[in-house]
Amino acid sequence: LYVTSAEGDPAYRDPPAGLRAFHVGLGTVRTAFFASLDVDVLVMTMPDLHTMHIKRSPHPVHYCYLNHSMVSTHMVYRPAAFDHFDSMLCVGPHHVEEIRKREALHGLPAKRLFEHGYGRLDTILAHSHTGPLAHAPRQPGQILVAPSWGANSLLELHGAAAIQPFIDAGFRVVLRPHPQTRRLNPRVIDEIVSRYAGEARFSLDENGDAHASLAESDIMVSDWSGAALEFAFGLERPVIFVDVPRKVLDPDYESLGIEPLEARIRSEIGAVVAPPDLASLGSIAQDMMADIGNWQLATRAARERWIFNVGRSGSAGAECLMSLLEQASTPTQ
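Caption draft 1: Structural view of the overall build of the chain. Within the chain, the regular secondary structure consists of 15 helices and twelve strands. Relative to the compact-globule value of 20 Å for 333 residues, the chain shows a C-alpha radius of gyration of 21 Å, a close match. Principal axes of the C-alpha set define a box for the chain whose edges measure 70 × 40 × 35 Å. Burial status across the chain gives 46% buried among its 333 residues. Taking as baseline every contact in the chain between residues at least 6 positions apart, the subset at least 24 positions apart corresponds to 65%. Accessible surface for the chain amounts to roughly 15,700 Å². Of this, 54% is attributable to carbon and sulfur atoms. Within the chain, one finds 29 positive and 39 negative side-chain charges whose respective centroids are separated by 2 Å.

Here is the structure:
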């Protein structure tokens, strides 16, 4: 059974064979649905179970969390975002380390932690060319500007200053703003689009499917967006990180004593640029293009180090869920 709050969800509109899909909306019906749910295993991609309006059922449901990002669990999520799950499908060893440390610090029951991986990464790997792109002579490379959203995001803090250096250096630039930026602060996007209305090497991509702009770009520019990891690990190409303030939803995240993956991995898969140095973005990208083969090796090595079951997370996840179902169906002694 598949339940979604999004009426346009592809798995609801056109469910694959063997899947029964239901739309429960966003209101009180959804809250009531979860409060009375009686199933063996529930897999959720939404954190904050039982800490907000979605509560655990009084029935003996096993709650399993499926990560929808490769980033760490303890900085960009609320403090108790995962405390009330019974198990987690972990993307990599960083998730195992973080969850176990939080359980020890706060005396929480031990969850079942599975070595899963990341499905979207596997999809990118299966449908994209990895490594450097081939360019015709004198054809410029392409930069994908794909930041996160919010008051401290790259677009909202610096706008066109994060784009112009690439134009000046001869690159093509694709701006892919986060959907939340369009919803909450569309003026930022509209001002940039207006500024580059006559620039042939600039384009805006707000397509719901990000695959084309990802696959056709040589370098990504981002801030703290989890999409940067998808780009580096999925395409084996480097990222330029502009060092804007961190996105922090857990002000006590440093108590774990573990640097979040999205912070410590930046120097492994790209370059970190301070905001006062934005004028150097073009030259940094040119240097990356000249050394693109070594960046491919670096991003590939980082992927193998940090991600479980690369290329086979789907079958690995299915095995995990089947083991949970078998456990649920076994009579207790």
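Caption draft 2: Layout of the packing of aromatic side chains. For the coordinates displayed, the defined rule picks out six aromatic pairs. An aromatic cluster of at least three residues, connected via ring pairs, comprises Tyr65, Tyr77, Phe82 and Phe85.

Caption draft 3: Representation of helix α3 (residues 93–106). Here α3 spans 20 Å end to end across 14 residues, near enough to the 20 Å set by a 1.5 Å rise per residue. Residues of α3 that are buried include every one of His94, His95, Glu98, Ile99, Arg102 and Glu103, and no others. Each buried residue of α3 lies within a common arc of 160° when the element is viewed along its axis, so the set occupies one face. Buried residues belonging to α3 abut β5 (87–90), β6 (112–115), α11 (261–264) and α14 (292–306).

Caption draft 4: The arrangement of the side chain of aspartate 48 in detail. Tracing the backbone shows aspartate 48 in the loop between β3 (41–44) and β4 (62–66). For aspartate 48, a relative accessible area of 9% puts it in the buried group.

Caption draft 5: Broad picture of the pairing of strand β8 (residues 172–175). Of the pairings in the sheet, the one linking strand β7 (residues 142–145) to β8 comprises four bridges and is parallel in character. For isoleucine 143, the partnering residue across the bridge sits in β8 and is valine 173. Across three bridges, the pairing between β8 and strand β9 (residues 202–204) is parallel. Note that in β9 the partner of valine 173 across the bridge is phenylalanine 202.

Caption draft 6: The arrangement of the environment of serine 87 in detail. Tracing the backbone shows serine 87 in strand β5. Residue class for serine 87 comes out buried when judged on its relative accessible area of 0%. Sequence separation between serine 87 and glutamine 139 is 52 residues; the distance between their C-alpha atoms is 49 Å.

Caption draft 7: Here's a closer look at the pairing of β6. One ladder, built from four bridges, connects β5 with β6; its direction is parallel. Pairing of methionine 88 across the sheet is with leucine 113, part of β6. In this fold, the crossover linking β5 to β6 by way of α3 has right-handed handedness.

Caption draft 8: Looking closely at a nonpolar patch on the surface. On the surface, Leu1, Val3 and Phe22 cluster together into a nonpolar patch covering about 290 Å² of accessible area. In this fold, leucine 1 is placed in the segment before β1 (2–4).

Caption draft 9: Summary view of the environment of alanine 301. Position of alanine 301 relative to the elements: it lies in helix α14. A C-alpha to C-alpha distance of 18 Å links alanine 301 and methionine 220, two positions 81 residues apart in sequence.

Caption draft 10: Quick look at the sheet that holds β5. One open sheet accounts for four strands, arranged β3-β4-β5-β6; its pairing is parallel. Edge positions in the sheet fall to β3 and β6, since each has one partner strand and no second. Each neighbouring strand pair of the sheet contributes to a mean axis angle of 20°, computed without reference to strand direction.

Caption draft 11: Just unusual backbone geometry, in detail. Positive phi, close to 70°, is recorded for histidine 50, a residue that is not glycine. Within the secondary structure layout, histidine 50 lies in the loop between β3 and β4. Even without being glycine, asparagine 309 reaches a positive phi, approximately 50°. Along the chain, asparagine 309 turns up in the loop between α14 and α15 (313–329).

Caption draft 12: Here's a closer look at the packing of helix α4 (residues 119–127) against helix α10 (residues 227–235). Contact geometry of α4 with α10 gives a least axis separation of 9 Å together with a crossing angle of 45°. What the angle tells us is that α4 and α10 run oblique. By crossing handedness, the relation of α4 to α10 is classed as right-handed. For the pair formed by α4 and α10, the contact residues are Arg120, Leu121, Ile124 and Leu125 on the first element and Glu230, Phe233, Gly234 and Leu235 on the second.

Caption draft 13: Structural context of the pattern of salt bridges. Evaluated as defined, the whole model comprises 19 salt bridges. The partner of aspartate 86 in a salt bridge is arginine 56, with the nearest N and O atoms 3.2 Å apart. Note that aspartate 86 is positioned in the loop between β4 and β5 and arginine 56 in the loop between β3 and β4, a separation of 30 residues in sequence. For aspartate 86, a relative accessible area of 25% puts it in the partly exposed group.

About the thresholds
Residues numbered from 1 in each chain as written. Predicted model: local features only at pLDDT ≥ 70, side-chain atom pairs only at ≥ 80, totals over all residues. Heavy atoms only, no water. Helix = DSSP H or I, 4+ residues; strand = E, 2+ residues; numbered from the N terminus. Rg over C-alpha atoms; globule rule 2.2 N^0.38 Å. Buried < 20%, exposed > 50% of the residue type's maximum accessible area, 1.4 Å probe, protein only. Contact = heavy atoms within 4.5 Å. Areas by Shrake-Rupley, 256 points an atom, 1.4 Å probe, with all protein chains shown as cover. Lys, Arg positive; Asp, Glu negative; His and termini not counted. Charge placed at Lys NZ, Arg CZ, Asp CG, Glu CD. Phe/Tyr/Trp six-rings, centres within 6.5 Å; stacked < 30°, edge-to-face > 60°. Expected span 1.5 Å × (residues − 1). Arc of directions from axis to C-beta. Pairing = 2+ DSSP bridges. Right-handed = clockwise from strand over helix to strand, strands pointing away. Patch = residues over 30% accessible without salt bridge, like charges linked within 9 Å, V, L, I, M, F, W, Y side chains within 5 Å. Salt bridge = Lys/Arg side-chain N within 4 Å of Asp/Glu carboxyl O. Axes fitted to C-alpha atoms, helices over the stretch in contact; angles between N-to-C directions. Parallel < 35°, antiparallel > 145°, perpendicular 65-115°, else oblique. Left-handed = near helix turned anticlockwise from the far one by under 90°.

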